[in-house]
Amino acid sequence: AGMAVVLVLLVLLTAHAVVPVKESLLNICIDAKHHKSQPGPEDKLHDQCSPWKDNACCTANTSSEAHKDQSSLYNFNWNHCGVMPPKCKRHFIQDTCLYECSPNLGPWIDQVDSSWRRERILHVPLCREDCEEWWEDCRDSLTCKENWHKGWNWATGTNRCPWGSMCRAFSEVFLRPKDLCEQIWSNSYKYTSERRGSGRCIQMWFDPAQGNPNVVVAKYYAWKKRSSSPQVEHENPESDQAVCALPWSVLLLLPLALVLL
């Protein structure tokens, strides 16, 4: 009987003693139209997508298409209200590169029931500078819509302004940087007061020679999400260690096992 208790205890200990820190929020790709299933190196990423070449969720072809005025990725036309100036367009290219290529958006992945993707990003905390520079460089560009995810006229196979809408300056459609970042893609991004390099906000723009700053940010927010669970309350966000989690049943039987041994 004693050995039986010991064996049961060993099984319980094996099953429960070490609960690995859940890594499913880190280093993953969104389950969407053009994303790879797993991130990995991509030596030939094009131009503005190249910062992600060491570890990317996009292919070289996707990165190239992201730079085109009439991209085959979504048949989306940036020039729906006349030609978008290059200083504005570069932000939309960078935004596309972040969405398609980044393996660091796991904490903000949300399930969706859509014909073209099963997951999206929601409320990604964008660094203040990235949002404000985007708005500043696009303030004089023209658009006819504040939410670019829906409501277009797709009769010709590409997005055109809906009937009755007027082309206006970005600064009239989006009164503040916060409005642009949060409204344009249905709250995919969230405007924050956090600065680049703070480790608390996602950067669309970064120098790959300094490493990818979004890795640390994803770790921090993944830890914040997990820390609401009681057994990982005191886990360090920088730690990748396993967490000890002995169930109460094992703890109660432990003294009995010691006696029987």
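- Per an unreviewed UniProt entry, the protein goes by the name FOLR1 protein and belongs to Grantiella picta.
- Of the protein, the UniProt comment under Sequence similarities (unreviewed entry) reads exactly: "Belongs to the folate receptor family."

Some details on the overall build of the protein
(1) Moving on: Along the protein, the regular secondary structure elements total eight helices and eight strands.
(2) Moving on: Counting all 261 residues of the protein, 46% fall into the buried class.
(3) Moving on: Nonlocal contacts in the protein, meaning residues at least 24 apart in sequence, comprise 64% of its contacts between residues at least 6 apart.
(4) Moving on: For the protein, the computed accessible surface area is about 13800 Å², with 55% contributed by carbon and sulfur atoms.

Description of helix α3 (residues 86-101)
(1) Moving on: With 16 residues, α3 ought to run about 22 Å at 1.5 Å a step, and its terminal C-alpha atoms sit 21 Å apart, in line with that.
(2) Moving on: Counted residue by residue, α3 has 13 buried out of 16 residues, so it is predominantly covered.

Looking at the layout of surface pockets
(1) Moving on: Estimated volume of the second largest pocket: approximately 210 Å³.
(2) Moving on: Asn55, Pro103, Asn104, Asn212 and Val215 are, among the 15 residues lining the second largest pocket, the residues nearest its centre.
(3) Moving on: For the lining of the second largest pocket, the residue count by class is eight nonpolar, five polar and two charged.

A closer look at the pattern of salt bridges
(1) Moving on: One pass over the structure, following the stated rule, counts twelve salt bridges.
(2) Moving on: The partner of Asp31 in a salt bridge is Arg118, with the nearest N and O atoms 2.9 Å apart. With Asp31 in the loop between β1 (18-19) and α2 (60-65) and Arg118 in the loop between β2 (109-111) and β3 (119-121), the pair connects residues that are 87 residues apart, well separated along the chain.
(3) Moving on: What makes Arg118 exposed here is its relative accessible area of 55%.

Topic: the environment of Val83
(1) Moving on: Within the secondary structure, Val83 sits in the loop between α2 and α3.
(2) Moving on: Here Val83 falls in the exposed class, since its relative accessible area comes to 71%.
(3) Moving on: Considered as a pair, Val83 and Ser141 are 58 residues apart in the sequence and their alpha carbons are 8.6 Å apart.

Some thoughts on the packing of aromatic side chains
(1) Moving on: Per the counting criterion, the structure on display carries 18 aromatic pairs.
(2) Moving on: Measuring from ring centre to ring centre gives 5.3 Å for Phe92 and Trp134, while their planes differ by 80°; the resulting arrangement is edge-to-face. Here Phe92, found in helix α3, pairs with Trp134, found in helix α4 (residues 128-138); they are 42 residues apart in sequence, far enough to count as distant.
(3) Moving on: The class for Phe92 is buried, based on a relative accessible area of 0%.
(4) Moving on: Classification of Trp134 by relative accessible area gives buried; the value is 0%.

Overview of the nonpolar core
(1) Moving on: One finds Phe92, Trp134, Trp148, Trp185 and Tyr189 to be the most contacted residues of the largest nonpolar core, which totals 50 residues.
(2) Moving on: Every element with two or more residues in this core is listed here: α3, β4 (124-126), α4, α5 (170-173), α6 (177-183) and α7 (214-226).
(3) Moving on: In terms of residue count, α3 provides more of this core than any other element does, seven residues in total.
(4) Moving on: Other than its neighbours up to four places away in sequence, Trp134 contacts His91, Phe92, Asp95, Leu126, Leu180, Cys181, Ile184, Trp185, Tyr189 and Met204.

Parameters at a glance
Residues numbered from 1 in each chain as written. Predicted model: local features only at pLDDT ≥ 70, side-chain atom pairs only at ≥ 80, totals over all residues. Heavy atoms only, no water. UniProt positions renumbered as here; feature names shortened; annotations may be inferred. Helix = DSSP H or I, 4+ residues; strand = E, 2+ residues; numbered from the N terminus. Buried < 20%, exposed > 50% of the residue type's maximum accessible area, 1.4 Å probe, protein only. Contact = heavy atoms within 4.5 Å. Areas by Shrake-Rupley, 256 points an atom, 1.4 Å probe, with all protein chains shown as cover. Expected span 1.5 Å × (residues − 1). 1 Å grid on protein atoms, 1.4 Å probe; cavity = no way out; pocket = protein on both sides within 12 Å on 5 of 7 lines; lining within 4 Å. Points joined across faces, edges and corners; volume = space filled by probe spheres on them. Nonpolar A, V, L, I, M, F, W, Y, C, P; charged D, E, K, R; others polar. Salt bridge = Lys/Arg side-chain N within 4 Å of Asp/Glu carboxyl O. Phe/Tyr/Trp six-rings, centres within 6.5 Å; stacked < 30°, edge-to-face > 60°. Core = buried A, V, L, I, M, F, W, Y, C linked by side-chain atoms within 4.5 Å.

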